[in-house]
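# Observations on the model geometry
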Amino acid sequence: MTQQIQWFPGHMAKTIREIGEQMKLVDFSLEIVDARAPESTQNPRIMDSISVKPVFLILNKIDLADARQVHKFVAANKNKFAGILTTDAKMGLLSKDFLRQLKTNPIYAKMVENKKSASLKALVVGTPNVGKSTFINHLAGKNIARTANTPGVTRFLYWIRTKYDLDFLDTPGLLWPKFENQEIGTKIGILGGIKDTLLAPDDLALWLISFIQKNYPTAIATRYKISHFPLDNPIAALMSITSQLGMRQDFEKASLKIINDFRSGKFGQISLDFYGDDYI
């Protein structure tokens, strides 16, 4: 299938309208989020368009997230979706398990029964850099959807066929125009959903240091092998890390290092969205 629909960057309302128009062509939707911030990386503006058909939420990068927080999120949100499924950052064993999770879901099984021999069609949505195109490529068995470690790579709506009787309609990663809660914007920036050139890396790093120190107090000191680490002073902590890394007073470079270390899971399994009474 080669249908291609142009997307104009920055025109989110137009893109959502186009997605809404495509809903008559699909059987269900897959919304992919980052398991480390599954609430913050959901686009609140798109659900009205896609909820006319069953919506499955995919928690990607599950291997990088705090399992306790993932469990709490699933328990609190399981009735909001047709199913909540998981994949991992490397698209390894857990990703292979994704198809089993999907096929054993009663809502999906009913769709297969009703569709009979034809392939099911799914719309795939997600905010930038949650791993949407990598996920599609993994199931397609080849690099069809464009991928990169920066947001905003996909510019069109693409139909992609897989060998699993599933066709995917890939969509651009969409952020809403204004964050009502600035902390959500900070989390998305730390996760790579906003271009690094548009943000101040030291501001992101200071927020991240403060958050990790309060909720995962040994993670940063262990990563950078710092024995005397300022627990309640993010600025002093950033200075200590910068010195330990041999970067003198290049705080911007050290900040980018801290952010990239978090993105790649080098601090361990850490979640940015907390549920219940855990958040500090």
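## Notes on the packing of helix α10 (residues 234–244) against helix α11 (residues 251–263)
For the pair α10 and α11, interaxial distance at closest approach is 9 Å and the crossing angle is 90 degrees. Considering their axes alone, α10 and α11 lie roughly perpendicular with respect to each other. On α11, the residues that touch Leu238, Met239, Ile241 and Thr242 of α10 are Phe251, Ala254, Ser255 and Ile258. For the contact of α10 with α11, a count of residues per class yields six nonpolar, two polar and no charged.

## Considerations on the packing of aromatic side chains
Considering all chains together, one arrives at nine aromatic pairs under this definition. Ring centres of Phe28 and Tyr108 lie 5.8 Å apart, and the angle between their planes is 90 degrees; this geometry places the pair in the edge-to-face category. Here Phe28, found in strand β2 (residues 28–34), pairs with Tyr108, found in helix α5 (residues 106–115); they are 80 residues apart in sequence, far enough to count as distant.

## Remarks on the side chain of Gln213
Assignment of secondary structure puts Gln213 in helix α8 (residues 201–215). Since its relative accessible area comes to 6%, Gln213 is described here as buried. In this structure, Gln213 is in contact with Ile220, Phe229, Pro230 and Leu231, ignoring residues within four places of it in sequence.

## Topic: the nonpolar core
Taken as a class, soluble globular proteins show a tendency for nonpolar side chains to be buried jointly. Ile212, Phe262, Phe267 and Leu272 are the most contacted members of the largest nonpolar core, which has 28 residues in total. When contributions to this core are tallied by element, the ones reaching two or more residues are α8, α9 (219–224), α10 and α11. Ranked by residues supplied to this core, first place goes to α8 with six residues. When near neighbours in sequence (up to four residues on either side) are disregarded, Phe262 contacts Arg36, Ile190, Leu191, Leu208, Ile212, Phe267, Ile270 and Leu272. Listed in part, the 24 residues of the second largest apolar core include Ile19, Ala35, Ile46 and Phe81.

## Quick look at the pattern of salt bridges
In the structure shown here, the tally under the stated rule is eleven salt bridges. A salt bridge links Arg263 to Asp196, with the nearest nitrogen and oxygen atoms 2.9 Å apart. Taken together, the residues span a long stretch of sequence, with Arg263 in helix α11 and Asp196 in the loop between α7 (182–190) and α8 at a distance of 67 residues. In this structure Arg263 comes out as buried when scored by relative accessible area, which is 16%. The partner of Asp261 in a salt bridge is Lys257, and the shortest N-O contact between them spans 3.3 Å. Here the residue Asp261 and the residue Lys257 both occupy positions in helix α11, the gap between them amounting to four residues, near one helical turn.

## Some words on the pairing of strand β4 (residues 83–86)
Strand residues, when the strand is regular, have side chains that alternate between the two faces of the sheet. Pairing between strand β3 (residues 55–60) and β4: four bridges, direction parallel. The residue of β4 that forms the bridge with Phe56 is Gly83.

## Considering the packing of α8 against α11
Where α8 meets α11, the closest approach of the two axes is 8 Å, and the angle between their N-to-C directions is 50 degrees. Taken together, the axis directions place α8 and α11 in an arrangement best described as oblique. For the element pair α8 and α11, the recorded crossing hand is left-handed. Packed against α8, whose contacting residues are Pro201, Asp202, Leu204, Ala205, Leu208, Ile209 and Ile212, the element α11 presents Glu252, Ser255, Leu256, Ile258, Ile259 and Phe262 at the interface. Across the contact of α8 with α11, the residue classes tally to ten nonpolar, one polar and two charged.

Conventions used here
Residues numbered from 1 in each chain as written. Predicted model: local features only at pLDDT ≥ 70, side-chain atom pairs only at ≥ 80, totals over all residues. Heavy atoms only, no water. Axes fitted to C-alpha atoms, helices over the stretch in contact; angles between N-to-C directions. Helix = DSSP H or I, 4+ residues; strand = E, 2+ residues; numbered from the N terminus. Parallel < 35°, antiparallel > 145°, perpendicular 65-115°, else oblique. Contact = heavy atoms within 4.5 Å. Nonpolar A, V, L, I, M, F, W, Y, C, P; charged D, E, K, R; others polar. Phe/Tyr/Trp six-rings, centres within 6.5 Å; stacked < 30°, edge-to-face > 60°. Buried < 20%, exposed > 50% of the residue type's maximum accessible area, 1.4 Å probe, protein only. Core = buried A, V, L, I, M, F, W, Y, C linked by side-chain atoms within 4.5 Å. Salt bridge = Lys/Arg side-chain N within 4 Å of Asp/Glu carboxyl O. Pairing = 2+ DSSP bridges. Left-handed = near helix turned anticlockwise from the far one by under 90°.

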